[in-house]
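This is what each chain is made of:
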Amino acid sequence: MLQVNKPTSEINRDFPEADGSPSQTLTSYLDIIKRQFPTMVAIVSACVILALLYLFTAAPLFTSTASMVIDTRKVQLFQQQSLLGDVAIDSATVETQVEILKSENISLAVIRDLHLIEDPEFTGSGGGLFGAILGSVSGLFSSNHTPSEFELMRKALGRFEKSRTIKRLGLTYVMEIGFTSVDSQKAARIANAVADAYIVDQLEAKYQATRRASVWLQDRIKELRTQASAAQKAVVDFKTANNIVDTGGRLMNEQQLAEVNSQLVLAHASTAEAKARLDRMNDIVKQDIPDANITDALKNDTIVKLRGQYVDMASKESIWSAKYGRDHLAAVNLRTQMAEVKKNIQDELRRIQESYKSDYDIAMTREDAIKSSLANVVSESQLTNQAQIQLRELESNAQSYQAMYDNFLQRYMESVQQQSFPISEARVISAATAPLIKSAPKSLIVLGAALLCGLLLSFGAAMARELTDKVFRTTGQVEEQLGANCVAILPALGAPASATALPGKLGRKKNNPELDLLRYVVDNPLSRFSEAVRSLKVAVDLNSVVRENRVLGVTSTLPNEGKSTLSTNLAQLIAHGGARVILVDADLRNPSLSRALRPDAKAGLVDVVAHKLQLEDVVSIDSQTGLAILAAGSTSKLLHTNEVLASKPMRDLVTLLRSKYDYVVLDMPPMAPVVDVRVTSPFVDSFVFVVEWGKTKIDVVRHNLRNAPEIQDKLLGVVLNKADTKLLARYESYHGRYYYQKYYARYGYTE
């Protein structure tokens, strides 16, 4: 069946998003916030109120801090290397000191020094309204047992550690000591006491360690003194027994061996030098006339002078021979003189050669003598090697014992000094002072956290309400879940504007609210309810263009969804417009419409179908609207109402009504409890499905329509009934009350 204004294609979308785009997602979340705004405001307000209550009742707390640094430079000014060794200050060392500050030893020392077990803040119920309440409650359940001093100490220790904070500032060597108390002066006093207790603890620990080390060093020094003396005596006795003489820290035979070895090296060098001169001279002697470089190297005046004469004569001889010939007497004389000079040079070279040979012989003799002496010294040294090995071992032992003795003696002197002058590496660089403003509770942070938590909780509650809200509230839900048009949204009806009985209105009694709701469109024609019913009438008429749409069945899923109210007002609206309309109460299981409009009727639809009475005998007419009403009749003895509605006489009756009236409105039973509606589909043109707004479950409606395809095929549309217009505006703004009420609602109750 063609349905007017039904979308041409089904859009696969999840409520409340349209297409899943970011803009649509944001819009959907904004819509959720708008719909759940009162709930969210209530949750946020509750969180803020709780925060304000906490701020007004909580006792103000004050935090005072002191700063301490670990620095070894001050210690190094007064003492040398520590008895226990210098430990480099690294990150692990500082963290270790932080843990020492957190230890119970420091905390208990402060508690004892300041007598904190006598302070109600540490052993009482605590400050503030909450503390007093908790103390009173715990007092009701506790016995009259008087706590011991140990119990008071442990209780005070627990609260002390909760209020104390120790932390390292970044990567520095500075540690910050903080304490929080209801009294600012007390907080500063305790923070400074923690720093003082830590310094005292460090000094005491160093003193005890130094004292124990001193006692141990005394015993060790006595042993080392005895051992060192015995080792020195063993060295002296061994030297005496083995005739070992020590000169300048070296043995005599070692010194002699070194000296002879040095002399041998020098003698060998002299011999080599003499031999080199002799070999060179032998080469020169083999030459006829040595050249100028050789003569200069010899540095002999005679040879130099003779060579000069020889050169001059050779020059003259070459000139005269070239001028007068080689046989000339002058040239012959010059050659004779040159031979004499050459002979003199050779004689001088041989004399020098003999001199170099004598020097070489002397060097060889001296080297042989030194070698013989070295052999004697080596022979003597080999005889004392074993003794020297034992001597070195004895001397090494003696030196070791002496070094250990000196070292321990120095450490002992340092320990004595440290006992008399102890110094700690830690020092306070910033003492704690009484704070001027409270540290907790911080009003802005508490309020901000409460507001943030409220927003998160409220949004979570809003999402939870949306996810669990499986009911119909918008036309989009109807179109998406049921695939049908939502032809109208009827507002919930309250008390009518006028309850005065008017003459001529069929069956109406004064002060009957139910009847007032059934005639609402007549009494309040310009109300929003009436306008919504008119939209349903328009949908019926437009649908009639395609096919005949004169027999209308009004049904719902569950009872009390307002189908009878809608069918009555729809019939009266159409009849009041001048059309011939008959309203038939076809709910044979529960004819509530007949009881409301015709409580005195004894016969009706059942009697006409059974051919006991004619139609004219049971139909009544409303004088104001001209609406014909056919009551259900006596249905108390009927067991199979569906058989009555599915019978041929029922179909004949509907055919008769088609011929006599323009519109036939059937008030049908609900679909979930009974099956009567399904048997009427052959003679009903269209069904109007009433769903209670915000109450009827989506899955229930969808299940019933899925199991009744004959109803769904003839479904004109769905009417959302009993809508809260104030809440409706949050879901669909164009269905809000503002437009209708401000501009078109002239009188009467419009809700």
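Caption draft 1: A look at the overall build of the protein chain. Of the regular secondary structure elements, the protein chain holds 29 helices and 14 strands. Taking the intrachain contacts of the protein chain between residues at least 6 apart in sequence as the baseline, contacts between residues at least 24 apart amount to 82%. Of the roughly 40700 Å² that the protein chain leaves accessible, carbon and sulfur atoms contribute 57%.

Caption draft 2: Spatial organisation of the sheet that holds strand 6 (residues 426-430). Spatial ordering of the open sheet is given by 2-3-1-6, a layout of four strands whose pairing is antiparallel. Whereas interior strands pair on both sides, the edge strands pair on one side only; in this sheet they are strand 2 (164-168) and strand 6. The sheet shows a mean angle of 30° between the axes of neighbouring strands, taken without regard to direction. Bridging between strand 1 (residues 62-70) and strand 6 involves four bridges; their strand directions are antiparallel. Bridge pairing in strand 6 places S67 opposite S430. Strands strand 1, strand 2 and strand 3 (174-181) of the sheet are contacted by helix 4 (residues 91-101), whose axis makes an angle of about 175° with strand 2. Lying on the sheet, helix 9 (residues 184-241) is in contact with strand 1, strand 3 and strand 6; it crosses strand 1 at an angle near 20°.

Caption draft 3: Spotlight on the packing of aromatic side chains. All chains considered together, the criterion is met by five aromatic pairs. Relative to F459, the ring of Y29 has its centre 6.1 Å away and its plane inclined at 55°; by these criteria the two rings are tilted. Pair noted here: Y29 is in helix 1 (residues 22-35) and F459 is in helix 15 (residues 443-468), with a separation of 430 residues, a long-range link. Using a relative accessible area of 34% as the deciding quantity, one classes Y29 as partly exposed. Ring geometry for Y520 and F529: centres 5.5 Å apart, planes at 80°, overall edge-to-face. Each member of the pair Y520 and F529 is classed as buried. Among the aromatic residues, ring-to-ring pairing joins F122, F160 and F179 into one connected group. Positioned above the aromatic ring of Y356, the side-chain terminus of R277 is 5.5 Å from the ring centre. We note R473 situated over the ring of W693; from NZ or CZ to the ring centre the distance is 4.9 Å.

Caption draft 4: Main features of the environment of S315. Positionally, S315 belongs in helix 12 (residues 301-324). By relative accessible area, which is 40% here, S315 ends up partly exposed. Separated by 19 residues in the primary sequence, S315 and L334 have C-alpha atoms spaced 9.8 Å apart.

Caption draft 5: How the structure looks around the pattern of salt bridges. For the structure on display, the rule yields 28 salt bridges. One salt bridge connects K167 with E176, and the closest N-O pair in it is separated by 3.6 Å. Residue D237 pairs with K233 through a salt bridge whose shortest N-O separation is 3.0 Å. One end of the pair is D237 and the other is K233, both in helix 9 and four residues apart, which spans about a single turn. With relative accessibility at 39%, the residue D237 sits in the partly exposed group. On the accessibility criterion, K233 (55% relative accessible area) is exposed.

Caption draft 6: Representation of the sheet that holds strand 11 (residues 628-630). Spatial ordering of the open sheet is given by 7-14-13-8-12-9-11-10, a layout of eight strands whose pairing is mixed. Two strands close off the open sheet at either side, each with one partner strand: strand 7 (486-491) and strand 10 (619-621). Taken over all neighbouring pairs, the strand axes of this sheet differ in orientation by 25° on average, direction set aside. Its contacts with the sheet put helix 19 (residues 528-544) on strand 7, strand 8 (551-556), strand 12 (663-667), strand 13 (686-692) and strand 14 (715-723), and the angle it makes with strand 7 is roughly 165°.

Caption draft 7: Looking closely at helix 16 (residues 475-482). Among the residues of helix 16, T475, G476, Q477, V478 and L482 are the ones counted as buried. Looking at the buried residues of helix 16, the elements they touch are strand 7, helix 26 (698-706), helix 27 (709-713) and strand 14.

Caption draft 8: Representation of the confidence of the model for the protein chain. Per-residue confidence for the protein chain averages 79 on the pLDDT scale, and 81% of its residues sit at or above 70. By mean pLDDT, helix 29 (residues 737-743) is the weakest element of the protein chain at 45, and strand 3 is the strongest at 93. Low confidence marks residues 1-18, where pLDDT is under 50. Its contacts with residues over four positions away, or in another chain, come to 43 contacts.

Caption draft 9: A look at the pairing of strand 8. Among the six residues that make up strand 8, six are buried, leaving the element largely enclosed by the rest of the structure. Side-chain alternation along strand 8 places V551, G553 and T555 on one buried face and L552, V554 and S556 on a second face that is also buried. Sheet topology places strand 8 next to strand 12; four bridges connect them, and they run parallel. If you follow V551 over to strand 12, its bridge partner there is V664. Relative to strand 13, strand 8 is paired through five bridges, and the arrangement is parallel. Bridging from a neighbouring strand, L552 pairs with S686 of strand 13.

Caption draft 10: Inspection of the nonpolar core at higher detail. With 51 residues, the main nonpolar core has I582, L630 and L653 as its most contacted residues. Aside from chain neighbours lying at most four places away, what touches I582 is V619, L627, A628, L630, L657, Y661, Y663, V664 and V665. Counting residues in each nonpolar core, the second largest holds 35 residues, with A532, V533, A539 and A575 among its members.

Caption draft 11: Focus on empty space enclosed by the protein. In this structure the tally under the stated criterion is two cavities of 30 Å³ or more. In this structure, the second largest cavity occupies an estimated 40 Å³ of space. In terms of lining residues, the second largest cavity is bounded by L583, V584, D585, L593, S594, L597, R598, I629, L630 and A631. At the level of secondary structure, the elements contributing two or more residues to the lining of the second largest cavity comprise strand 9 (581-585), helix 21 (592-597) and strand 11. Each residue belonging to the lining of the second largest cavity can be placed in one class, and the counts come to seven nonpolar, one polar and two charged.

The rules we used
- Residues numbered from 1 in each chain as written.
- Predicted model: local features only at pLDDT ≥ 70, side-chain atom pairs only at ≥ 80, totals over all residues.
- Heavy atoms only, no water.
- Helix = DSSP H or I, 4+ residues; strand = E, 2+ residues; numbered from the N terminus.
- Contact = heavy atoms within 4.5 Å.
- Areas by Shrake-Rupley, 256 points an atom, 1.4 Å probe, with all protein chains shown as cover.
- Pairing = 2+ DSSP bridges.
- Axes fitted to C-alpha atoms, helices over the stretch in contact; angles between N-to-C directions.
- Phe/Tyr/Trp six-rings, centres within 6.5 Å; stacked < 30°, edge-to-face > 60°.
- Buried < 20%, exposed > 50% of the residue type's maximum accessible area, 1.4 Å probe, protein only.
- Lys NZ or Arg CZ within 6 Å of the ring centre and 35° of its normal.
- Salt bridge = Lys/Arg side-chain N within 4 Å of Asp/Glu carboxyl O.
- pLDDT = per-residue confidence, 0-100.
- Core = buried A, V, L, I, M, F, W, Y, C linked by side-chain atoms within 4.5 Å.
- 1 Å grid on protein atoms, 1.4 Å probe; cavity = no way out; pocket = protein on both sides within 12 Å on 5 of 7 lines; lining within 4 Å.
- Points joined across faces, edges and corners; volume = space filled by probe spheres on them.
- Nonpolar A, V, L, I, M, F, W, Y, C, P; charged D, E, K, R; others polar.

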